[in-house]
Amino acid sequence: IVENRAGAGGNIGAASVARSKPDGYTILIVANGMAVNPALYADLNYDPIKDFAPISLLAVVPNVLVTNPARNDVKSVDEVISKAKAQPNHYTYASAGVGTSIHLAGELFVSMAKIDMLHVPYKGSGPAIADLLGGQVDYMFDSITSAKPHIEAGKLRALAVTTAKRSAALPNVPTVAESGLPGYELMPWFAAFAPAGTPPEVVAKLNAAMRQALNEPKVKATLDSIGAESIGGTPDELRDYLAKETAQWKVLVKERNIKIN
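Anyway, here's the lowdown on the structure attached to this text. (Residues numbered from 1 in each chain as written. Predicted model: local features only at pLDDT ≥ 70, side-chain atom pairs only at ≥ 80, totals over all residues. Heavy atoms only, no water.)

**Points about the overall build of the protein chain**
The helix and strand inventory of the protein chain stands at nine helices and nine strands. For the protein chain, the C-alpha radius of gyration of 19 Å lies close to 18 Å, the compact-globule estimate for 261 residues. When the backbone C-alpha atoms are referred to their principal axes, the protein chain occupies close to 55 × 40 × 30 Å. Relative to its full complement of 261 residues, the protein chain shows a buried share of 48%. For the protein chain, the exposed area adds up to about 12,700 Å²; of that, 54% sits on carbon and sulfur atoms. (Helix = DSSP H or I, 4+ residues; strand = E, 2+ residues; numbered from the N terminus. Rg over C-alpha atoms; globule rule 2.2 N^0.38 Å. Buried < 20%, exposed > 50% of the residue type's maximum accessible area, 1.4 Å probe, protein only. Areas by Shrake-Rupley, 256 points an atom, 1.4 Å probe, with all protein chains shown as cover.)

Below, the structure written as structure tokens:
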């Protein structure tokens, strides 16, 4: 049974699972907001590390830096940076909301490139894309899932993907790191967790089942269709990865003074 508990950047669903019986019958599928929210929310009513038993990383869905193809003056990351340096706070980038991976990709980009651009948050990716298509905003680090159809239709120009490696869904699009900003990486991930206290043998069984499922042709085809790439891994790998990501985003959120309004 899939129960969508939307709201508060995933916090409502996460808090519900954290309070659930640790028997393996209630699990949480969550995005990388799990690592970001401790820095964004002062009143978080759960601890992402202490209140959950990691099961497995599942998949990554890259973000892609896109712009309106009517802008013939920008066709690379280098040109985005050089123009932003020449005209501070002149250019804008849209997001699906404060604290989303789309927003954080832009904040990380601005921080590493040492440029000033104006963030324009929207209530979801749809309205943001609509204004990007209409020319009201200059750039967006959109999810490859929603951007790819517009890229293939020629309505958006893909400049670079945010992951360390190129995406199989857009193999001809370079990474941000290889096209003007070395060291840049943002990997929007999805992972599975159980409530803390779930028996290790139960976690191991869930982990094995998920890793097996990720290798099924039907699951791979479904992930491919949305631009996602399977990851898998052990519970310990997810625990270490979550701790690393949580520390990384805490630094950026503080540096960029990102706040949930």
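The structure having been displayed, the exposition proceeds.
**Examining the sheet that holds strand E5 (residues 118–121)**
Taking strand neighbours across the sheet as the criterion, the five strands line up as E5-E4-E6-E3-E7 in an open arrangement whose pairing is mixed. Each edge of the open sheet carries a strand with a single partner, namely E5 and strand E7 (157–161). Recorded for the sheet is a direction-independent mean angle of 30° between the axes of neighbouring strands. Packing against the sheet, helix H5 (residues 125–134) makes contact with strand E3 (63–67), strand E4 (92–95) and strand E6 (139–143), and its axis sits at approximately 140° to E6. Those strands touched by helix H6 (residues 144–152) are E3, E6 and E7, and its axis lies near 115° from that of E6. (Pairing = 2+ DSSP bridges. Axes fitted to C-alpha atoms, helices over the stretch in contact; angles between N-to-C directions. Contact = heavy atoms within 4.5 Å.)

**Brief notes about the layout of surface pockets**
Regions of empty space are outlined by a rolling probe, equal in size to a water molecule, passed over the atoms. Estimates place the volume of the largest pocket at around 1,100 Å³. Listed by contribution, the elements that provide at least two residues to the lining of the largest pocket are helix H1 (11–18), strand E1 (28–31), helix H2 (33–40) and helix H4 (101–113). For the lining of the largest pocket, the class distribution of residues is 21 nonpolar, 16 polar and two charged. (1 Å grid on protein atoms, 1.4 Å probe; cavity = no way out; pocket = protein on both sides within 12 Å on 5 of 7 lines; lining within 4 Å. Points joined across faces, edges and corners; volume = space filled by probe spheres on them. Nonpolar A, V, L, I, M, F, W, Y, C, P; charged D, E, K, R; others polar.)

**Examining the packing of aromatic side chains**
With the rule as written, the count across this model stands at six aromatic pairs. Between the aromatic rings of Tyr46 and Phe52, the centroid separation amounts to 5.9 Å while the plane-to-plane angle is 90°, which identifies the pairing as edge-to-face. Ring centres 6.3 Å apart and planes at 45° place the aromatic pair Tyr91 and Tyr139 in the tilted group. Of this pair, Tyr91 sits in the loop between helix H3 (77–86) and E4 while Tyr139 sits in strand E6, and the two are 48 residues apart along the sequence. Ring-pair connections join several aromatic residues into one group, and the members of that group are Tyr46, Phe52 and Phe193. (Phe/Tyr/Trp six-rings, centres within 6.5 Å; stacked < 30°, edge-to-face > 60°.)

**A look at the nonpolar core**
Counting 49 residues, the largest nonpolar core has Met34, Phe109, Met117, Tyr139, Tyr184, Trp189 and Phe193 as the members making the most contacts within it. Sequence-distant contacts of Met117, defined by excluding residues within four places in its chain, comprise Ala84, Asn89, Tyr91, Thr92, Tyr93, Phe109, Val110 and Tyr139. Core analysis: the second largest hydrophobic core is formed by 33 residues, Ala53, Leu58, Ile151 and Leu170 among them. (Core = buried A, V, L, I, M, F, W, Y, C linked by side-chain atoms within 4.5 Å.)

**As for the sheet that holds E1**
If you trace the four strands from one edge of the open sheet to the other, you get E1-E8-E2-E9, paired in antiparallel fashion. Of all strands in the sheet, those with a lone pairing partner are E1 and strand E9 (229–230), marking the two edges. Relative to strand E8 (residues 189–195), E1 runs antiparallel, the two being bridged by four bridges. Across the sheet, Ile29 pairs through a bridge with Ala192, a residue of E8.

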